[in-house]
Amino acid sequence: MTLSSATDAMSVLKGMYAAEAGYFAAGGPGKASFASLAPFFSPDVVLHQADSLPYGGIWRGHDGMERFFAAMSDTWDVFDMVEQSFLSETSPLVVLTHVHVRARATGRELDFPILQTITVENGRITEVHPFYWDTAAIGLACTNYHSDDDRLPRS
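Residues numbered from 1 in each chain as written. Predicted model: local features only at pLDDT ≥ 70, side-chain atom pairs only at ≥ 80, totals over all residues. Heavy atoms only, no water.

Caption draft 1: Fine view of the layout of surface pockets. Approximately 680 Å³ is the volume found for the largest pocket. The element that contributes the greatest number of residues to the lining of the largest pocket is strand 3 (residues 76-86), accounting for six residues. By residue class, the composition of the lining of the largest pocket is 20 nonpolar, six polar and five charged. (1 Å grid on protein atoms, 1.4 Å probe; cavity = no way out; pocket = protein on both sides within 12 Å on 5 of 7 lines; lining within 4 Å. Points joined across faces, edges and corners; volume = space filled by probe spheres on them. Helix = DSSP H or I, 4+ residues; strand = E, 2+ residues; numbered from the N terminus. Nonpolar A, V, L, I, M, F, W, Y, C, P; charged D, E, K, R; others polar.)

Shown next, in the form of structure tokens:
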């Protein structure tokens, strides 16, 4: 990858993060248009989320990304990207993001890192692989519990 294509990949990624922030500031899924995000993603983009997450699975294409953002919004009342570090400047890009979240179902809050590899080709994101530090903690934060030690799920 040439220096200009590396710069282009970083520009695409930073532009997507800015558009994502604007999308959620405008109300997110159901209120804001996905059209502001679509140009950053290839029509055949693939997002791989760990199956154990509330929004786990493989999300494909613009429709899949739009449904993914809706699933994330259904899961989190707050999803703040507190700090981001761009660890590579060539595709696949590597981004370490520290997030603060609050689960919509329980009100529980978590702080954790997500490491992502993001492939950019021809000026668009084609593939995203996020790696969460502790998917079990996310599942627990999103589930209602009834025991004194918060380990037994409600039935």
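Caption draft 2: Structural context of a nonpolar patch on the surface. Taken together, the side chains of L87, L115 and F131 present a nonpolar region at the surface, about 280 Å² in accessible area. Looking at the secondary structure, you find L115 in strand 5 (residues 109-121). (Patch = residues over 30% accessible without salt bridge, like charges linked within 9 Å, V, L, I, M, F, W, Y side chains within 5 Å. Areas by Shrake-Rupley, 256 points an atom, 1.4 Å probe, with all protein chains shown as cover. Salt bridge = Lys/Arg side-chain N within 4 Å of Asp/Glu carboxyl O.)

Caption draft 3: Main features of unusual backbone geometry. Of note, the bond from S91 into P92 is cis; its omega dihedral lies within 30 degrees of zero at 5°. Structurally, the position occupied by P92 is in the loop between strand 3 and strand 4 (93-103). Even without a glycine there, the phi angle at N122 is positive, about 55°. On the secondary structure map, N122 appears in the loop between strand 5 and strand 6 (124-132).

Caption draft 4: Looking closely at the sheet that holds strand 5. With respect to topology, six strands assemble into an open sheet ordered 2-1-6-5-4-3, the strand pairing being mixed. Each end of this open sheet is capped by a strand with a single partner; those strands are strand 2 (57-60) and strand 3. Neighbouring strand axes in the sheet, compared pairwise and without regard to direction, differ in orientation by 20° on average. Two elements, strand 1 (residues 41-49) and strand 6, share three bridges in a ladder whose sense is parallel. Bridge assignment links V46 to a residue of strand 6, and that residue is E127. (Pairing = 2+ DSSP bridges. Axes fitted to C-alpha atoms, helices over the stretch in contact; angles between N-to-C directions.)

Caption draft 5: Expanded view of the environment of S88. As for its position among the elements, S88 is in the loop between strand 3 and strand 4. Taking relative accessible area as the criterion, S88 reaches 18% and is therefore assigned buried. Sequence spacing of S88 and T117 is 29 residues, and the spatial spacing of their C-alpha atoms is 9.4 Å. Excluding anything up to four places from it in sequence, S88 contacts M10, L93 and V94. Looking at S88, its side chain comes within polar contact range of the main-chain oxygen of P92, at 3.3 Å. A polar atom in the side chain of S88 sits 3.0 Å from the backbone nitrogen of V94. (Buried < 20%, exposed > 50% of the residue type's maximum accessible area, 1.4 Å probe, protein only. Contact = heavy atoms within 4.5 Å. Polar contact = N/O pair within 3.5 Å; in protein donor to acceptor, adjacent residues only side chain to side chain.)

Caption draft 6: Spotlight on the packing of aromatic side chains. Under the definition given, this model contains eleven aromatic pairs. Taking the centre distance of 6.4 Å and the plane angle of 85° together, the rings of Y23 and F34 count as edge-to-face. Residue Y23 is found in helix 1 (residues 3-25), and its partner F34 is found in the loop between helix 1 and strand 1; the two are separated by eleven residues along the sequence. Residue Y23 is classed as buried on the basis of its relative accessible area, which comes to 2%. One aromatic cluster in this structure is built from Y23, F24, F34, Y55, W59, F68, F69, F112 and Y132. Just above the ring of F86 sits the side chain of K14; from NZ or CZ to the centre is 5.1 Å. (Phe/Tyr/Trp six-rings, centres within 6.5 Å; stacked < 30°, edge-to-face > 60°. Lys NZ or Arg CZ within 6 Å of the ring centre and 35° of its normal.)

Function cannot be read off these values alone, since they describe shape.
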